[in-house]
Amino acid sequence: GIHACLISGTEGTRLEFCARQPIDSLLRRKFGITGKQGWVSEGVGLYLTELLTGTHDTWFVRQTEYARDDKRAQKELWSEIRKPRADWFRIGRDIVHGGRGPEFAYMMSKDVNAMEAEDLILSYAAAAWLLEAHADLAPDLLHAIGSGETPFHEAIPAILGLDVQAMQDRVQAWLEER
């Protein structure tokens, strides 16, 4: 059938959403990736959208309404993420250096609705690393994760040849080089 979508906001936001929507549709239809695989859906979606539009303003992670011990730091991080032309790789390095980054095994287990700002940034970095460093293996990994037949912590070693912790270490080292 025909689907219609009304998009409000600035011209830039509308353009980015028009790029993001088909990417999300591709991830869902070809690989079975949905918001249940938050790190893949947000990370790959945002990374590919940025390649097309130069921006990354259409994410589905919400700023948490629940109190955290680091509420001020969270507000500052969300503010930094939302800045035009924000360098998310630099922000990712800052998160890693500050020891604020989640363990990938924890981050990768989250539905998009449970993700927080640090998860969003490191998902973006993990997806960029995957698509740049392992473009040949990325489709197989996306299929394995999206099918639901293989948990991510088994799919990553089976396809990439390294466990989740080793992937985290590689992504963090890769961030340092960017």
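For the structure itself, consult the block above.
Residues numbered from 1 in each chain as written. Predicted model: local features only at pLDDT ≥ 70, side-chain atom pairs only at ≥ 80, totals over all residues. Heavy atoms only, no water.

Novice: Help me understand the overall build of the protein chain, please; the structure alone is not making it clear to me.
Specialist: Counting its secondary structure elements, the protein chain contains nine helices and zero strands. Secondary structure elements of the protein chain, listed N to C terminal, follow the sequence α-α-α-α-α-α-α-α-α. For the protein chain, the proportion of contacts with a sequence separation of at least 24, taken over those separated by at least 6, is 63%. Accessible surface for the protein chain amounts to roughly 9,600 Å². Of this, 52% is attributable to carbon and sulfur atoms. (Helix = DSSP H or I, 4+ residues; strand = E, 2+ residues; numbered from the N terminus. Contact = heavy atoms within 4.5 Å. Areas by Shrake-Rupley, 256 points an atom, 1.4 Å probe, with all protein chains shown as cover.)

Novice: Help me understand the packing of helix α7 (residues 138-147) against helix α8 (residues 152-160) in this model?
Specialist: Taken N-terminus to C-terminus, the directions of α7 and α8 make an angle of 155°; their axes are 9 Å apart at the nearest point. The orientation of α7 with respect to α8, classified from their angle, is roughly antiparallel. Of the two possible hands of crossing, α7 and α8 adopt the one that is right-handed. From α7, Asp 140, Leu 141, Ala 144 and Ile 145 reach across to α8, where they touch Phe 152, Ala 155, Ile 156, Ile 159 and Leu 160. Considering only residue class, the contact of α7 with α8 consists of eight nonpolar, no polar and one charged. (Axes fitted to C-alpha atoms, helices over the stretch in contact; angles between N-to-C directions. Parallel < 35°, antiparallel > 145°, perpendicular 65-115°, else oblique. Left-handed = near helix turned anticlockwise from the far one by under 90°. Nonpolar A, V, L, I, M, F, W, Y, C, P; charged D, E, K, R; others polar.)

Novice: Looking at this model, I keep getting lost on the side chain of Asp 119. Mind explaining?
Specialist: By the element assignment, Asp 119 lies in helix α6 (residues 117-133). Every residue in contact with Asp 119, bar those within four places of it in the chain, is listed here: Pro 102, Met 107, Lys 110 and Ala 114.

Novice: Please clarify how the packing of aromatic side chains should be interpreted in this entry.
Specialist: The description of two aromatic rings rests on the distance between their centres and on the angle between their planes. By the definition in use, this model includes four aromatic pairs. Ring centres of Trp 88 and Tyr 124 lie 5.2 Å apart, and the angle between their planes is 75°; this geometry places the pair in the edge-to-face category. Taken together, the residues Trp 88 in helix α4 (residues 88-97) and Tyr 124 in helix α6 connect sequence positions 36 residues apart. The exposure class of Trp 88 is buried, given its relative accessible area of 1%. (Phe/Tyr/Trp six-rings, centres within 6.5 Å; stacked < 30°, edge-to-face > 60°. Buried < 20%, exposed > 50% of the residue type's maximum accessible area, 1.4 Å probe, protein only.)

Novice: So what exactly am I meant to see when it comes to the environment of Ala 155 here?
Specialist: Take Ala 155: it is sitting in helix α8. Looking at Ala 155, the relative accessible area reads 1%, which means it is buried. Note: C-alpha distance between Ala 155 and His 143 (twelve residues apart in sequence) is 9.5 Å. Those residues in contact with Ala 155, other than ones at most four positions away along the chain, are Leu 141, Ala 144, Ile 145, Thr 150 and Leu 160.

Novice: Help me out: how do you make sense of α8 in this one?
Specialist: Each α-helix turn comprises 3.6 residues. Residues three or four places apart therefore point the same way. Looking at α8, one finds that the buried residues are Phe 152, Ala 155, Ile 156 and Leu 160. One side of α8 carries all its buried residues, which in axial view fall inside an arc of 100°. On the buried face of α8, the contacting elements are α5 (104-107), α6, α7 and α9 (164-177). Positive backbone phi, approximately 80°, marks Gly 161, located one or two places after α8. (Arc of directions from axis to C-beta.)

Limitation: the analysis is restricted to geometry and does not speak to function.
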